Amino acid sequence: LAGDLPLVTQASALLAVAHRLSGARASALGGWGSFGYYQLDAELHAGLVGTEIQGMALRAGLLFTTDLSRRLALRLGVGGGADRIHYVPHVQGIVPAPADSFYVPALSFWAGLDVRLVGGLALTVHLCADAMLEEVHFDIHDAQGSGPPSRVFELDTFRPAAGVGL
């Protein structure tokens, strides 16, 4: 029944605080936290089975940064958190399960480059990945509950992403 899910867009904010380490190269160690919101409308199998999924991602972790040159810095982060997933099923011809919300734990990894423009303003380009620690899938059960469930679709447990920011 399931088709491939499209790319997901996410709006998020990240705050990082670091303390400079002593040494030959300008490096810093600190922490970061982020909050993000994403929405995915998935109508599958010609609109017969689908769901609207809204997610909120909360993450926090450790940050290491080092200056590669006067205007360029490398940032590496590792952390964890959880996604709060809310879903509303849309099904024609059968009675769907009620809407619900649940949390899924995740690990986060990211690496980025900061290009200092003027003053404290920098252009940031980063690559990141979330590894979800639980499998999230949506199934259809028959009305009597006698047969095995049919998997409608599942969310990826490994989620690579790219971002640009100021």
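Now for a look at the structure at hand.

Basis of the calculations
Residues numbered from 1 in each chain as written. Predicted model: local features only at pLDDT ≥ 70, side-chain atom pairs only at ≥ 80, totals over all residues. Heavy atoms only, no water. Helix = DSSP H or I, 4+ residues; strand = E, 2+ residues; numbered from the N terminus. Buried < 20%, exposed > 50% of the residue type's maximum accessible area, 1.4 Å probe, protein only. Contact = heavy atoms within 4.5 Å. Pairing = 2+ DSSP bridges. Polar contact = N/O pair within 3.5 Å; in protein donor to acceptor, adjacent residues only side chain to side chain. Salt bridge = Lys/Arg side-chain N within 4 Å of Asp/Glu carboxyl O.

### Remarks on the overall build of the chain
Next up, step 1: Of the regular secondary structure elements, the chain holds zero helices and nine strands.
Next up, step 2: Along the chain direction, N to C, the helices and strands of the chain fall in the order β-β-β-β-β-β-β-β-β.
Next up, step 3: For the chain, with 166 residues in total, the buried portion stands at 27%.
Next up, step 4: Put simply, of all contacts in the chain between residues at least 6 apart along the chain, 57% involve residues at least 24 apart.

### Quick word on the pairing of strand S5 (residues 100-118)
Next up, step 1: Pairing between strand S4 (residues 72-91) and S5: 16 bridges, direction antiparallel. Among the inter-strand pairings, Ala82 is bridged to a residue of S5, identified as Pro105.
Next up, step 2: Pairing of S5 with strand S6 (residues 121-132) involves twelve bridges; the strand directions are antiparallel. Pairing of Ala111 across the sheet is with Leu127, part of S6.
Next up, step 3: A loop of two residues connects S5 with S6, the two strands running antiparallel in sequence, and Gly119 in this loop sits at a positive phi of about 55°.

### Things to note about the side chain of Asp67
Next up, step 1: Within the secondary structure, Asp67 is located in strand S3 (residues 49-67).
Next up, step 2: Judged by its relative accessible area of 16%, Asp67 is buried.
Next up, step 3: A polar atom in the side chain of Asp67 sits 2.7 Å from the side chain of Arg116.

### Some points on the pattern of salt bridges
Next up, step 1: Under the criterion given, the structure shown has six salt bridges.
Next up, step 2: For Asp83, the salt bridge is made with Arg59, and the minimal N-O distance between the two is 2.8 Å. Here Asp83 is found in strand S4, whereas its partner Arg59 is found in strand S3, with 24 residues between them in sequence.
Next up, step 3: With a closest N to O distance of 2.8 Å, Arg159 and Asp83 form a salt bridge. Taken together, the residues Arg159 in strand S9 (residues 158-165) and Asp83 in strand S4 connect sequence positions 76 residues apart.

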